[in-house]
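Here are the chains, one letter per residue:
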Amino acid sequence: MKPASAVLQNNSVLPYPSGTTDLQPEVELVVALHKGGKNIPMDKVDYDYVFGYAVGLDMTRRDLQRAAREKGQPWEMAKAFDHSAPCTAITPKFYSGTITIG
């Protein structure tokens, strides 16, 4: 639900959003795909779809989220705002074989 304007590129400064007093991060693993990423059948999902990985933050205006939740309203305004998704540079994957566990 984050807009394209949410992405904040590596080494940028995150401006503190107005209208909030409780901004909180959640750390995310970002997986960048290069073979598309919509309606992939489960039996076709493999590492060939993965281009690389990055670390991202999912920034949340927690006070706005709580207020919306209390009113039974959507949380989108608390999550989907400009620069709400800072992201490191993508590191291309280096493994292209099969992983066997067991």
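Owing to the predicted nature of the structure, the values given are computational and were not obtained by experimental measurement.

Peer 1: Quick question: what am I supposed to make of the layout of surface pockets here?
Peer 2: Picture a little ball the size of a water molecule; that probe, rolled over the atoms, points out where space is still empty. Its volume calculated, the largest pocket comes out at about 150 Å³. Around the largest pocket sit Lys2, Val7, Glu28, Val30, Gly56, Leu57, Asp58, Ala85, Pro86 and Cys87, which together line it. Listed by contribution, the elements that provide at least two residues to the lining of the largest pocket are strand 3 (27-33), strand 4 (50-57) and strand 6 (85-86). Here the lining of the largest pocket is built from residues that sort into six nonpolar, one polar and three charged.

Peer 1: Sorry, what's going on with the sheet that holds strand 4 here?
Peer 2: Sheet strands pair via backbone hydrogen bonds, and the direction of the pair is either parallel or antiparallel. With antiparallel pairing, the three strands of this open sheet are ordered in space as 3-4-7. In this open sheet, the two strands that pair with only one neighbour each are strand 3 and strand 7 (91-92). In terms of strand pairing, strand 4 meets strand 7 through two bridges, oriented antiparallel. The residue bridging glycine 52 from the neighbouring strand is proline 92, located in strand 7.

Peer 1: Could you clarify how one ought to interpret helix 1 (residues 62-70) in this entry?
Peer 2: Side chains of residues three or four places apart in an α-helix project in the same direction, reflecting 3.6 residues per turn. Here helix 1 has its buried residues at Arg62, Asp63, Gln65 and Ala68. Where helix 1 is buried, its residues meet strand 2 (23-24), strand 5 (60-61) and helix 2 (76-79). Two residues or fewer past helix 1, glycine 72 is found with a positive phi of approximately 70°.

Peer 1: Looking at this model, I keep getting lost on the pattern of salt bridges. Mind explaining?
Peer 2: Where charged atoms from two side chains of opposite charge come close, those side chains can pair. According to the stated counting rule, one finds five salt bridges in the structure shown. With a closest N to O distance of 4.0 Å, glutamate 26 and lysine 79 form a salt bridge. Taken together, the positions of glutamate 26 in the loop between strand 2 and strand 3 and lysine 79 in helix 2 put the pair 53 residues apart, joining distant regions of the chain. Exposure remark for lysine 79: the relative accessible area of 13% places this residue in the buried category. Residues joined in a network through salt bridges with shared partners are Lys2, Glu26, Asp58, Arg62 and Lys79.

Peer 1: So what exactly am I meant to see when it comes to unusual backbone geometry here?
Peer 2: Across the chain, the bulk of peptide bonds are trans and the bulk of non-glycine residues have phi less than zero. Backbone geometry places asparagine 11, a non-glycine residue, at a positive phi of 70°. Position of asparagine 11 among the secondary structure elements: in the loop between strand 1 (7-8) and strand 2. Of note, histidine 83 is a non-glycine position whose phi angle comes to about 70°, a positive value. Counting through the fold element by element, histidine 83 comes out in the loop between helix 2 and strand 6.

Definitions and cut-offs
Residues numbered from 1 in each chain as written. Predicted model: local features only at pLDDT ≥ 70, side-chain atom pairs only at ≥ 80, totals over all residues. Heavy atoms only, no water. 1 Å grid on protein atoms, 1.4 Å probe; cavity = no way out; pocket = protein on both sides within 12 Å on 5 of 7 lines; lining within 4 Å. Points joined across faces, edges and corners; volume = space filled by probe spheres on them. Helix = DSSP H or I, 4+ residues; strand = E, 2+ residues; numbered from the N terminus. Nonpolar A, V, L, I, M, F, W, Y, C, P; charged D, E, K, R; others polar. Pairing = 2+ DSSP bridges. Buried < 20%, exposed > 50% of the residue type's maximum accessible area, 1.4 Å probe, protein only. Contact = heavy atoms within 4.5 Å. Salt bridge = Lys/Arg side-chain N within 4 Å of Asp/Glu carboxyl O.

Just distances and angles here, no functional claims.
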